Amino acid sequence: MSKDNPTLIESATFPRHVIAEIQRAAKTGIYDIRGFGAKRDIPTFDDLVFLGASTSRYPLEGYREKCTTEVVLGNRFAKNPIHLKTPVTIAGMSFGSLSAQAKESLGRGATLAGTSTTTGDGGMTPEERGHSKTLIYQYLPSRYGMNPDDLRRADAIEIVLGQGAKPGGGGMLLGQKISPRVAQMRNLPEGIDQRSACRHPDWTGPDDLEIKIQELREITNWEKPIYVKVGATRVFYDVTLAVKAGADVVVVDGMQGGTAATQDVFIEHVGIPTLPAVRMAVEALQEMDMHRKVQLIVSGGIRSGADVAKALALGADAVSIGTAALIALGDQSPEFDDEYKAIGSAAGFWDDYQQGNDPAGITTQDPELAKRLDPILGGRRLANYINVLTLELQTLARACGKSHVHNLEPEDMVALTMEAAAMAGVPLAGTSWIPGKNGM
Amino acid sequence: MATIDLNKSTIRELNEKLQGGSTGDKFIVNNTVGKHALSVGLTKEVDVEINGHVGYYCAGMNQEASIKINGNAGPGLAENMMSGEVRVTGNASQYAAATAHGGLLVIEGDASSRCGISMKGVNIVVGGNIGHMSAFMAQSGSLVVCGDAGDALGDSIYETKIYVRGKVKSLGTDCVEKDMKKEHKEELAKLLDKAQMNYAVDEFKRYGSARKLYNFDIDQVDEY
């Protein structure tokens, strides 16, 4: 219903944004391509709350009693597992989709906060390696910039089978973002659209993946932890197969996970939310008696220390942030609102990362725009943000009486909605009912 | 000259020994029985001769080394090779030299499907035939086929040059026949010479990208 004219009723089936999309499609003849992640309303960690300590549990004293946050990742087979001060890591984002300054900021921020950052499609840049104490090297289907020397320079290797924003889909870095340096790193002509493949070129299934992992270990002297990243769909089976193939760490990325560019229909309609994905991954690990032996990293829509705490309470070992990290650097800043408006968007709504004209200078290869991000300041902001997430996580863990954040457990939470109760596998608040459990 | 018997040594021991070799060292590997990930990640100018069939990813990510396989090779032979030379006297399975950035791969027999998929600068010479979807999304480097090519050769190809002596069953999207100019004949002659394949350059045709798909155009959507 319109605020100005109460007799005008907006259709629930055809609200204004749906009408606008039909009109846009009719005008252009092409689907909408954008960045960011799913924007639709789906069950999230917000639908869970913690049961703080009371009569039957006792809490730990804030600022006084220790609640540790250190995490070890990849100690199943690798000689050199990853040691982090906080379970909040930075997700893979490519040089190409992001500016060199943005990649440097991520490295600086992660290093200050005692955590890891991750390369993306297009390979590893020297700036990124230089500024990241702990750097995870993504092994992607396109193999753009894939170099065994970089594999050896990395601290861990993440084999990417999919991502939450587009499980089953590849990517496209549009020509306007292909600077001479990006083109050279990817071994393709400048200015052309670069298609990132949707599946790996040299294997076809989980049995092959096991051999691929063996090859990567042989090339890197069995030193590096091998992560396997999947977009959240058939999570139970995917995690089971990744573990069977020999992964040290499994990364599960829910549908809220961001992307540099893909079709809107893909972002909004493929994959499942992070909330059920965590539970399904943990169930798979527990069934194999591999929970806490193969570590689980969860990503997709992580925004706050509460989200981190809830993911850990459901059984994750760590989380990854991508979109939130970019926002911490300055993405969506009101400072650039006029410029966002000039390109048809607004601060808080900007999602056309593929266009390369990001006013905040983050998702661009335009040298003038990229200069707007000071990597030292950006790194400081990111470190501040990660520190806040970690402090919030500790606050919640102490309230539940936990001396390590990994001691959080599903029993510490209840759900506010039936959907969240069913997806997360925790009781609906005020009941002992978990929909779908015990035939109920 | 060091000989490694895979009946007595593990794959880890083999690769450690080969990776630790010094320039000019020579190694012989016996009793491979189709084992995977043999002779991978080498970085020095060593000579490795492998007697027997090998499994997946033999010579993967090779840098500088010369590796000869007296037998057949499984999938992913010389995948992501950066430099050096790999030669197989028999046939190679799927995705030979996938994503490889440099060096020379010689397959004296036939290569299966997706040979040279996403190749990024490697040169490949196949003495026999190659399977379907070879040079799919191939970016740069050259693929020489002395026999016939299967379906959808060079589909979605970028800047790789393909030379075929025999028949091409079909060309993939955006792959077209191109003129054999002087520089192409010279390049082909050099590659055939290095691969020790005795064919006349004039027997080959060249194929490459029509470059119509380099920037997304909605009017080309029917191509897929």
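For the structure itself, look to the data block above.
These numbers come from a predicted model, not from an experiment.

Colleague: Please explain the overall build of chain A as it appears in this structure.
Modeller: When helices and strands are tallied, chain A shows 15 helices and 16 strands. Here chain A has a C-alpha radius of gyration of 22 Å; the compact-globule value for 440 residues is 22 Å, and the two agree. Projected onto the principal axes, the alpha-carbon positions of chain A cover approximately 70 × 60 × 45 Å. When each of the 440 residues of chain A is scored for burial, the buried share is 57%. Here chain A has roughly 17900 Å² of accessible surface; of this, 55% comes from carbon and sulfur atoms. One finds the centroid of the 45 positive side-chain charges in chain A at a distance of 2 Å from the centroid of its 53 negative side-chain charges.

Colleague: Teacher, can you tell me more about the overall build of chain B here?
Modeller: Helix and strand counts for chain B come out as 2 helices and 11 strands. For chain B, the succession of helices and strands along the chain, N to C, is β-α-β-β-β-β-β-β-β-β-β-α-β. A compact globule built from 224 residues should have a C-alpha radius of gyration of about 17 Å, and chain B, at 18 Å, falls within 12% of that. With 224 residues in all, chain B has 59% of them scored as buried. Considering only intrachain contacts with a sequence separation of at least 6, the fraction spanning at least 24 residues in chain B is 24%. Roughly 8800 Å² of accessible area belongs to chain B as shown, and the carbon and sulfur atoms make up 44% of that amount.

Colleague: Looking at this structure, I do not really get the nonpolar core. What am I missing?
Modeller: Considering soluble globular proteins, one finds that nonpolar side chains tend to be buried as a cluster. Residue and element names in this part refer to chain A. Of all hydrophobic cores here, the largest spans 96 residues; its most connected members are L48, V252 and I321. The dominant element in this core, judged by the number of residues it contributes, is helix 9 (residues 274–287), at 8 residues. When residues no more than four places from it in sequence are discounted, the contact partners of I321 are V88, T89, I90, A91, M93, I302, Y385, I386 and L389.

Colleague: When you look at the interface of chain B and chain A in this model, what are you seeing that I'm missing?
Modeller: Interface size is often expressed as the accessible area that is lost when the parts come together. Taken together, the contact between chain B and chain A spans 34 residues of the former and 40 residues of the latter. Looking at the side of chain B facing chain A, the largest losses of area belong to Y57, M61 and F216 of chain B, adding up to 20% of the total buried there. At the junction of chain B with chain A, the criterion picks out 3 salt bridges. K212 of chain A is the partner of E79 of chain B in a salt bridge, and the nearest nitrogen-oxygen pair spans 3.3 Å. Applying the counting rule to chain B against chain A returns 18 residue pairs in polar contact (both at pLDDT 80 or more). Per element, the largest residue contribution to the side of chain B that touches chain A is 5 residues, and it comes from helix 1 (residues 11–19) of chain B. Grouping the amino acids of the side of chain B that touches chain A by side-chain chemistry returns 15 nonpolar, 13 polar and 6 charged.

Colleague: When you look at a nonpolar patch on the surface in this model, what are you seeing that I'm missing?
Modeller: All names here are of chain A. Among the surface-exposed residues, F14, I19 and I22 lie close enough to one another that they form a single nonpolar patch of about 260 Å² accessible area. Turning to its location among the elements, I19 is positioned in helix 1 (residues 16–28). The exposure class assigned to I19 is partly exposed, which follows from its relative accessible area of 34%.

Colleague: Can you help me understand the sheet that holds strand 15 (residues 318–321) of chain A in this one?
Modeller: In any sheet, the strands associate via hydrogen bonds between backbone groups, in a parallel or an antiparallel arrangement. Residues and elements named next belong to chain A. The 8 strands are arranged 5-15-14-12-11-8-7-6 in an open sheet whose pairing can be described as parallel. With one partner strand each, in any of the chains shown, strand 5 (88–90) and strand 6 (116–118) form the two edges of the open sheet. Pairs of neighbouring strands in the sheet enclose a mean axial angle of 30 degrees, with direction left out of account. Here 3 bridges tie strand 6 to strand 7 (residues 134–139), and the two strands are oriented parallel to one another. Bridge assignment links T117 to a residue of strand 7, and that residue is L135. In this fold helix 9 packs onto strand 12 (249–253) and strand 14 (295–299), with an angle of close to 170 degrees to the strand it touches most, strand 14.

Definitions and cut-offs
- Residues numbered from 1 in each chain as written.
- Chains lettered and ligands numbered in written order.
- Predicted model: local features only at pLDDT ≥ 70, side-chain atom pairs only at ≥ 80, totals over all residues.
- Heavy atoms only, no water.
- Helix = DSSP H or I, 4+ residues; strand = E, 2+ residues; numbered from the N terminus.
- Rg over C-alpha atoms; globule rule 2.2 N^0.38 Å.
- Buried < 20%, exposed > 50% of the residue type's maximum accessible area, 1.4 Å probe, protein only.
- Areas by Shrake-Rupley, 256 points an atom, 1.4 Å probe, with all protein chains shown as cover.
- Lys, Arg positive; Asp, Glu negative; His and termini not counted.
- Charge placed at Lys NZ, Arg CZ, Asp CG, Glu CD.
- Contact = heavy atoms within 4.5 Å.
- Core = buried A, V, L, I, M, F, W, Y, C linked by side-chain atoms within 4.5 Å.
- Buried area = accessible area lost by both parts, 1.4 Å probe.
- Salt bridge = Lys/Arg side-chain N within 4 Å of Asp/Glu carboxyl O.
- Polar contact = N/O pair within 3.5 Å; in protein donor to acceptor, adjacent residues only side chain to side chain.
- Nonpolar A, V, L, I, M, F, W, Y, C, P; charged D, E, K, R; others polar.
- Patch = residues over 30% accessible without salt bridge, like charges linked within 9 Å, V, L, I, M, F, W, Y side chains within 5 Å.
- Pairing = 2+ DSSP bridges.
- Axes fitted to C-alpha atoms, helices over the stretch in contact; angles between N-to-C directions.

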